[in-house]
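A look at the structure
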Amino acid sequence: MSEFTKAFDYEKEFNARLYLDTYFHLGSGSLADDFLRFELANLHKIFTSGGVTGKTLIDIGTCPSIYHLLSACESFNEIIATWYTQTELHELQMWMNKDQGAFDWSSVVKHVCELEGKSGKCQEKEDKLRGKIKQVLHCDVSKNNPLEPVVLPKADCLIAAVCLEAACRNQNSYITALKNLSNLLKPEGHLILAGDLGANYYEVGPNKIFSLAVSEQSLRNALSESGYAIRELVSFGKPEGADFDNSDYEGFYFIHAQKP
Ligand SMILES: C[S@@+](CC[C@H](N)C(=O)[O-])C[C@H]1O[C@@H](n2cnc3c(N)ncnc32)[C@H](O)[C@@H]1O
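How each quantity is defined
- Throughout, a residue's number is its position along its own chain's written sequence, starting from 1.
- A pLDDT threshold of at least 70 governs which residues receive local features in this predicted model, and a stricter bar of 80 or more applies before side-chain atom pairs are shown or counted, although totals over entire chains, interfaces and linings include all residues.
- Strands here mean DSSP runs of E at least two residues long; helices mean DSSP runs of H or I at least four residues long; both are numbered from the N terminus.
- Exposed residues have 12 or fewer other C-beta atoms within 10 Å of their own C-beta, buried residues have 20 or more, and residues in between are partly exposed; the C-beta atoms are placed from the backbone.
- Two residues qualify as a contact pair if the distance between their C-beta atoms, derived from the backbone, is within 7 Å.
- DSSP calls a pair of strands paired once it identifies at least 2 bridges connecting them.
- Orientation is described by axes fitted as lines to C-alpha atoms, over the contacting stretch for helices, and by angles from 0 to 180 degrees between their N-to-C directions.
- We call a residue near a molecule or strand if the C-beta atom, set from the backbone, is within 6 Å of it.
- Note on residue classes: Ala, Val, Leu, Ile, Met, Phe, Trp, Tyr, Cys and Pro are nonpolar, Asp, Glu, Lys and Arg are charged, and everything else, Gly too, is polar.
- Put simply, a nonpolar core is a cluster of buried Ala, Val, Leu, Ile, Met, Phe, Trp, Tyr and Cys residues tied together by C-beta atoms within 7 Å.
- Our arc is simply the arc of the directions from the helix axis toward the C-beta atoms.
- UniProt positions are given in the numbering used here, feature names are shortened, and annotations may be inferred rather than shown by experiment.

Looking at the overall build of the protein
On a plain count of helices and strands, the protein comes out with 9 helices and 9 strands. Principal-axis analysis of the C-alpha atoms gives the protein an extent of 45 × 40 × 35 Å. Residues classed as buried in the protein amount to 43% of the 260 residues present. Considering only contacts within the protein whose residues lie at least 6 apart along the sequence, 73% involve residues at least 24 apart.

Have a look at this one:
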């Protein structure tokens, strides 16, 4: 049976600003340093190799983050960002509006600019991404049309970074969500998934936030059962001796799949 995280329950536990403060200062020595370096390198590669380009990209479960769109904004004309809870949306809006209180993404943006050989162009990069985000829509992956009531033309690419593990309470729900996402995607459209392997939780302040523990095999099974072809699946194992105790993760994955 499919079961999904309810927005009300999620919002009670998940402090969006604390999440950003904890995991998105690259170089701070948290487990997210490995995560960010691994995922940003793969995102850079996939969006600059020329293989994954197009007009429209929909990012599933964007808020409150932007790190995973920094490379994508070089390859797509328009990005649709999405939100599931109001507090996460507020964080994105503050960044979009350049509010004084917005989260400071500079350590992450600097790293992506260095990957792109454009050191010193950080402000331009953030502004470019802001300009590419044309809409910010509500999204619920449990719905047949996750953007309901909005109906958009089908997209060239979807990203879901650390989203389905938050939304889906079991493997069946994960498969249902992937099938629902497929309804937003053109034939031969690209699906990019990124997240943690083996994590049952990660901490945000005093709270242990639920994560569906996925493995390479469970991801392969879910993608094949929901009708996608895997083009690339790469993973990063937690280094021996890493003793981060704010998650029981075993590593990270990055997947490029395609709708037939
Ligand atoms: C850990 S956050 C990740 C946010 C961002 N993508 C990142 O990588 O930092 C999990 C995301 O999944 C979203 N989410 C949880 N349940 C969802 C659902 N049923 N439908 C869509 N998104 C959902 C949350 O609102 C949040 O945006």
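Moving on from the coordinates now.
Describing the sheet that holds strand β9 (residues 251–258)
Taken together, 7 strands build an open sheet; the order of strands is β3-β2-β1-β4-β5-β9-β8 and the sheet is mixed. Only two strands of the sheet have a single partner each, and these edge strands are β3 (133–138) and β8 (229–237). Averaged over all pairs of adjacent strands, the angle between their axes in this sheet comes to 15 degrees, without regard to strand direction. Sheet topology note: the strand β4 (residues 155–161)/strand β5 (residues 185–197) ladder contains 6 bridges and is parallel. Each bridged residue has a counterpart across the sheet, and for A160 the counterpart in β5 is L193.

Some remarks on the environment of S218
As for its placement among the helices and strands, S218 is situated in helix α9 (residues 216–225). Along the primary structure S218 and Q171 are separated by 47 residues, whereas in three dimensions their C-alpha atoms are 7.6 Å apart.

Digging into the pairing of β4
Buried residues dominate β4, accounting for 7 of its 7 residues. Bridge count for strand β1 (residues 54–60) against β4 is 4 bridges, and the pairing is parallel. Following the sheet pairing, D59 is matched in β4 by I159.

A few points about the site of the ligand
G61, S65, Y84, A166 and A167 are the nearest of the 20 residues found near the ligand. Considered class by class, the residues forming the shell around the ligand number 11 nonpolar, 7 polar and 2 charged.

Focus on the nonpolar core
Counting residues in hydrophobic clusters, the biggest one holds 84 residues, and the most contacted among them are I60, A72, I79, L158, I159, A160 and L181. Per element, the largest residue contribution to this core is 8 residues, and it comes from helix α3 (residues 31–48). In contact with A160, other than residues within four places in its own chain, are I60, G61, L181 and L193.

A look at the pairing of β9
Counting buried positions along β9 yields 6 of 8 residues, so the element is predominantly enclosed. Pairing analysis gives 8 bridges linking β5 to β9, with the strands arranged antiparallel. Each residue of the ladder has a partner; that of H190, found in β9, is Q258. Sheet analysis places β8 next to β9, joined by 8 bridges and oriented antiparallel. The residue bridging G237 from the neighbouring strand is G251, located in β9.

Considerations on the environment of E165
Along the polypeptide, E165 turns up in helix α7 (residues 164–167). Given 22 C-beta atoms within a 10 Å radius, E165 is considered buried. Note: C-alpha distance between E165 and F4 (161 residues apart in sequence) is 9.9 Å. Contacts of E165, omitting those with residues within four sequence positions, involve G195, D196, S211, L212 and V214.

Looking at helix α4 (residues 86–96)
An α-helix turns once per 3.6 residues; consequently, residues spaced three or four apart project the same way. Within α4 the residues assigned to the buried category are E88, E91, L92 and W95. Along the long axis of α4, the arc covered by the buried residues comes to 95 degrees, so they all point the same way. Taken together, the buried residues of α4 touch α2 (16–23), β2 (76–83) and β3. Downstream of α4 by one or two residues, K98 has phi in the positive range, about 55 degrees.

Details of the UniProt feature "binding site: S-adenosyl-L-methionine" (unreviewed entry) in the protein
Residues annotated by UniProt as "binding site: S-adenosyl-L-methionine" (unreviewed entry) correspond here to Y19, Y67, D140 and V141. By secondary structure assignment, the location of Y19 is in helix α2. In contact with Y19, not counting residues within four places along its chain, are F14, P64 and V204. We classify D140 as partly exposed; it has 18 C-beta atoms within 10 Å.

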